[in-house]
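Geometric and topological summary
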Amino acid sequence: MKTKFFISIFLGLAWLSVSLFFAVGWARGISYILPPLYVWWVIGGIALLPGFLMCAIFISNLMHRKPVKYPHTTQDISVIICARNEEGNISRCIRSVLNREYDGNICIIVADNASTDGTKEQIKKLSLCPPPGRCVKYIYCEKPGKANALNAGLAHVCTKYFITLDADTYLEKHAVQKIINRISAADCACVAGNLFVSNTKESPAAAMQSYDYLMSIASVKRFQGSHRSTLVAQGVFSAFLTEAVRRVGGWQDVMGEDIVLTYKLLEKGLPSEYEPAAAAYTTVPSSFSGLYSQRKRWATGMLEGLRAVPPWKQPKFFSKYFTGVNLCVIYLDLAFLFGFIPGIILALMGYCYIVGILTLLYLAVSILLYINMYIYQKRLNIPFENSLAGFIGFILFFQIIQSTAAVHGYTVGALGRKAEWK
């Protein structure tokens, strides 16, 4: 594992060295127009560091391209589903667990976080006659906040492992088996599942996000998971070792409750993995304003995780490295927003000062990474929807929304704003 990691880092550094050679001439050429400090700050943030990171991810994922099969397990598990006003989604979500191919017993614990619609009635209806080996428990959590609902559900877990699942998400037929096989065999605290978008055709915003989940998020999780340091065991769909979660006190009432929990588990020296063969389909925001709000919350959550356990407090090398990279992401978002976007505007006006050949090289590495990830996902034989318009939108416009929302989220996190449901 370490050998493959250092090979990927070495080749990333080789790419960085070549890029730096070209960057010197590039910087000299524009330093008489723009301040040299700003020039190097931008070059580092839009070409050098992103290129190094993308190259390392690409090489590592290439070396870990073969999916690992784990022993079949049939032990009893629990599934915690949090719901707040999910009348339209909760039945599909619960049924997707009840009907999954899993030979062990499954206890579904649905934590109703003070819903005011018909969520309770839908849950109660499904709890009356579940299939053999399945049961549905309804619990009511009056205190608002997803973390509070999750902790209420955790109090009712009586199994060694449990899964968390969002109410607007449903599982692929082998998802439970695959993720429990992984966590029980890999001796780790948590395993993140592979997420696909269920409402790709609903809107241009949803179509763009489909490729973010399919290629970008999955690439990063594969890289981190290959070295047992996945930084986010997302609450949408992940498996956990019950004792480990209780050991760190469960979820904190913050915007990024799942991020903080994963950081806390890593702080205890407990591995965190990723299982690409365990798939779930989740509903993403269908409007651009909803997408912006979501990514703002994610950025705030990342800041909360870094504040709770900064990289230098992580006990293991890989968790130090990956949380350190997350710290660098703040710089990358700022450089994109205040370097790349002005550079594009200048280029459209005929002044190619900032956007140059190194930027194109970085984009080429990114496209190689995305193609590799797309092929990998296709080989898993998990169905997902394609959208040419969504892919083009993802390549051309998604990062603008992502970085703008992220910088907003960092500001919110720095001000210590209170958490909110979704």
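If you're wondering where the values come from, they're calculated on a predicted model, not measured in any experiment.

What follows covers the nonpolar core. Generally speaking, soluble globular proteins have nonpolar side chains that are buried together. Core analysis: the biggest nonpolar cluster contains 64 residues, and Ile81, Ile94, Ile180 and Phe237 have the highest contact counts within it. Membership of the second largest hydrophobic core comes to 51 residues, among which are Ile57, Met302, Leu303 and Ile330.

With the rule as written, the count across this model stands at 1 cavity of 30 Å³ or more. Reported here for the largest cavity is a volume of approximately 40 Å³. Taken together, Trp26, Ile30, Leu34, Val39, Val42, Ile43, Tyr353 and Ile354 make up the lining of the largest cavity. Only α1 (2-30) and α2 (36-63) provide two or more residues apiece to the lining of the largest cavity.

The next thing to look at is α2. The terminal C-alpha atoms of α2, which comprises 28 residues, lie 39 Å apart, in line with the 40 Å expected from a rise of 1.5 Å per residue. The largest bend in α2 is about 45°, located at Gly44. Counting buried residues in α2 gives 20 out of 28 residues, a clear majority hidden from the surface.

Together, Lys4, Arg65, Lys66 and Arg379 give the surface a local cluster of positive charge. Considering the arrangement of structural elements, one finds Lys4 in helix α1.

This part covers the side chain of Gln122. Assignment of secondary structure puts Gln122 in helix α4 (residues 119-127). Reaching out from Gln122, the side chain makes a polar contact with the side chain of Ser91 at a distance of 2.7 Å.

Interaxial distance between helix α7 (residues 204-226) and helix α10 (residues 288-308) falls to 9 Å at its minimum, and their mutual angle equals 35°. Contact residues: α7 offers Pro204, Ala205, Met208, Gln209, Asp212, Tyr213 and Ile217, while α10 offers Phe288, Leu291, Gln294, Arg295 and Trp298. By residue class, the composition of the contact of α7 with α10 is 8 nonpolar, 2 polar and 2 charged.

Further remarks concern the sheet that holds strand β3 (residues 134-140). The strand order across the open sheet built from 8 strands is β3-β2-β1-β4-β7-β6-β8-β5, with neighbouring strands paired in mixed fashion. The outermost strands of the open sheet, each flanked by one partner alone, are β3 and β5 (169-171). Going from strand to strand, the sheet's axes swing by 30° on average, the running direction of each strand aside. Relative to β3, strand β2 (residues 106-112) runs parallel, the two sharing 7 bridges. Each bridged residue has a counterpart across the sheet, and for Ile106 the counterpart in β3 is Arg134. Strand contacts of α4: β1 (77-83), β2 and β3, with the helix running at about 150° to β3, the strand carrying the most contacts. Running over the sheet, helix α6 (residues 175-186) touches β1, β2, β4 (161-166), β5, β6 (190-197), β7 (237-241) and β8 (272-282) and is turned about 170° from β8.

What counts and what doesn't
Residues numbered from 1 in each chain as written. Predicted model: local features only at pLDDT ≥ 70, side-chain atom pairs only at ≥ 80, totals over all residues. Heavy atoms only, no water. Core = buried A, V, L, I, M, F, W, Y, C linked by side-chain atoms within 4.5 Å. Buried < 20%, exposed > 50% of the residue type's maximum accessible area, 1.4 Å probe, protein only. 1 Å grid on protein atoms, 1.4 Å probe; cavity = no way out; pocket = protein on both sides within 12 Å on 5 of 7 lines; lining within 4 Å. Points joined across faces, edges and corners; volume = space filled by probe spheres on them. Helix = DSSP H or I, 4+ residues; strand = E, 2+ residues; numbered from the N terminus. Expected span 1.5 Å × (residues − 1). Bend = angle between axes of the 7 residues up to and from the residue. Patch = residues over 30% accessible without salt bridge, like charges linked within 9 Å, V, L, I, M, F, W, Y side chains within 5 Å. Areas by Shrake-Rupley, 256 points an atom, 1.4 Å probe, with all protein chains shown as cover. Salt bridge = Lys/Arg side-chain N within 4 Å of Asp/Glu carboxyl O. Lys, Arg positive; Asp, Glu negative; His and termini not counted. Charge placed at Lys NZ, Arg CZ, Asp CG, Glu CD. Polar contact = N/O pair within 3.5 Å; in protein donor to acceptor, adjacent residues only side chain to side chain. Axes fitted to C-alpha atoms, helices over the stretch in contact; angles between N-to-C directions. Contact = heavy atoms within 4.5 Å. Nonpolar A, V, L, I, M, F, W, Y, C, P; charged D, E, K, R; others polar. Pairing = 2+ DSSP bridges.

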